[in-house]
Amino acid sequence: MCERSGCRSLKGIIPTFLVLLSIALGNERGAPASIARMKNPVTSSPELLEKVQATYEKNCLRCHGAGGTGDGPAAATLPTRPRNFTDTKQMATMTDGQLYWAITKGTQWMPAFEKKLPDLERWRLVCLLRALSKTRPNATVQRENRPSPAPPGMTGQYPFWPKRLTAPR
Ligand code: HEC
């Protein structure tokens, strides 16, 4: 039907395109507007923060660190630095809904917790992140919402690397 080489290149292009598309969609940083503007259904309290600490230690500490500064034991193996939750200025640029969305769907180098943690527990984690960052609950979307800056010596995000591949050294 078609020339051998032509068929081969087409066969290569379609899966490549699909892979890139799924990566692009899977790495969607921005939460849908309706979620970005959501109010946290959970009200923070010292008791709540104490309880959700255990969830953080079990699921987040290895990358984000005990103090939330992004220096957990696994952080060095990642090509980008996990978000520093104590960075008040940067954390203030994200709404509760955007934080919730990142935890739910994961990011480029962070796993999704949609199936691992119940919905309300993910919202409770948002309360914890607010406490760590000394920022207030926030449902107002700002334009200034940038990814964490890459640590020195790294070139930043690697948008086209599938999660299963490790970064070149
Ligand atoms: C495997 C390491 C890893 C784990 C585990 C992890 N994260 Fe992350 N997280 C990252 C990295 C790396 C980033 C920076 C964005 C990127 O490069 O993917 C990040 C970014 C974030 C962000 C900011 C997202 C954005 O859009 O800027 C939030 C919020 C977050 N993590 C919350 C959590 C919470 C809460 C947990 C535990 C439930 C968790 N993370 C577990 C690695 C991790």
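## Here we look at unusual backbone geometry
In step 1: Positive phi values are uncommon outside glycine, yet Lys134 reaches one of about 55°.
In step 2: Inspection of the secondary structure puts Lys134 in the segment after helix 7 (119-133).

## Description of the packing of helix 6 (residues 96-105) against helix 7
In step 1: Two elements in contact, helix 6 and helix 7, have axes whose closest approach is 9 Å; the angle formed by their N-to-C orientations is 120°. Taken together, the axis directions place helix 6 and helix 7 in an arrangement best described as oblique. Judged by the sense of rotation from one axis to the other, the crossing of helix 6 with helix 7 is right-handed. Seen from helix 6, the contacting residues are Asp96, Leu99, Tyr100, Ile103 and Thr104; seen from helix 7, they are Arg122, Trp123, Leu125, Val126 and Leu129.
In step 2: Tallied by class, the residues present in the contact of helix 6 with helix 7 amount to seven nonpolar, one polar and two charged.

## Some details on the site of the ligand
In step 1: Neighbouring the ligand are 24 residues, the closest being Cys60, Cys63, Ala102, Thr107 and Met110.
In step 2: Counting only elements with at least two residues in the shell around the ligand, the list comes to helix 4 (61-64), helix 6 and helix 7.

## Looking at the packing of helix 3 (residues 46-59) against helix 7
In step 1: Put simply, helix 3 and helix 7 touch, their axes get as near as 9 Å, and they point 105° apart. The orientation of helix 3 relative to helix 7 falls into the category roughly perpendicular. In contact with Leu48, Leu49, Val52, Gln53, Thr55 and Tyr56 of helix 3, helix 7 contributes Glu121, Arg124, Leu125, Cys127, Leu128 and Ala131.
In step 2: Class assignment of the residues belonging to the contact of helix 3 with helix 7 gives a composition of eight nonpolar, two polar and two charged.

## Here we look at the confidence of the model for the protein chain
A low pLDDT means the predicted coordinates there should not be read in detail.
In step 1: Across the protein chain, the average pLDDT comes to 81, with 67% of residues at 70 or higher.
In step 2: Considering each helix and strand of the protein chain separately, the mean pLDDT is smallest for helix 1 (residues 4-26), with a value of 56, and largest for helix 7, with 98.
In step 3: Confidence over residues 21-29 falls short of pLDDT 50; this stretch has six contacts with residues more than four positions distant or in other chains.
In step 4: Under a pLDDT of 50 for its full length, residues 155-169 has, in the predicted model, 13 contacts with residues more than four places off or in other chains.

## Side note on the nonpolar core
In step 1: In this structure, Leu99, Tyr100, Leu125, Val126, Leu128 and Leu129 are the most contacted members of the largest nonpolar core, which totals 18 residues.
In step 2: If you tally residues by element for this core, the top one is helix 7, at seven residues.
In step 3: Other than its neighbours up to four places away in sequence, Val126 contacts Asn40, Asp96, Leu99 and Tyr100.

## As for the environment of Ala139
In step 1: Mapped onto the elements, Ala139 comes out in the segment after helix 7.
In step 2: Ignoring sequence-local partners within four residues, the contact set of Ala139 consists of Arg37, Met38, Lys39, Thr95, Asp96 and Gly97.

## Things to note about the environment of Leu132
In step 1: Summarising the element assignment, Leu132 is placed in helix 7.
In step 2: Given 20 C-beta atoms within 10 Å, Leu132 falls into the buried group.
In step 3: Spatially, the C-alpha atom of Leu132 lies 7.9 Å from that of Gly67, the residues being 65 residues apart in sequence.
In step 4: Filtering out sequence-adjacent residues up to four positions away, Leu132 remains in contact with Gly68, Phe85 and Thr86.

## Some details on helix 7
In step 1: Its 15 residues place the ends of helix 7 21 Å apart at the C-alpha level, agreeing with the 21 Å of an ideal helix rising 1.5 Å per residue.
In step 2: When you tally the buried positions in helix 7, you get eleven out of 15 residues, the bulk of the element.
In step 3: Among all positions in helix 7, only Arg122, Trp123, Arg124, Leu125, Val126, Cys127, Leu128, Leu129, Arg130, Leu132 and Ser133 are buried.
In step 4: Buried residues along helix 7 sit in contact with helix 3, helix 5 (88-91) and helix 6.
In step 5: Phi turns positive, to about 55°, at Lys134, one or two residues after helix 7.

What counts and how
- Residues numbered from 1 in each chain as written.
- Predicted model: local features only at pLDDT ≥ 70, side-chain atom pairs only at ≥ 80, totals over all residues.
- Helix = DSSP H or I, 4+ residues; strand = E, 2+ residues; numbered from the N terminus.
- Axes fitted to C-alpha atoms, helices over the stretch in contact; angles between N-to-C directions.
- Parallel < 35°, antiparallel > 145°, perpendicular 65-115°, else oblique.
- Left-handed = near helix turned anticlockwise from the far one by under 90°.
- Contact = placed C-beta atoms within 7 Å.
- Nonpolar A, V, L, I, M, F, W, Y, C, P; charged D, E, K, R; others polar.
- Near = placed C-beta within 6 Å.
- pLDDT = per-residue confidence, 0-100.
- Core = buried A, V, L, I, M, F, W, Y, C linked by C-beta atoms within 7 Å.
- Buried ≥ 20, exposed ≤ 12 C-beta atoms within 10 Å, placed from the backbone.
- Expected span 1.5 Å × (residues − 1).

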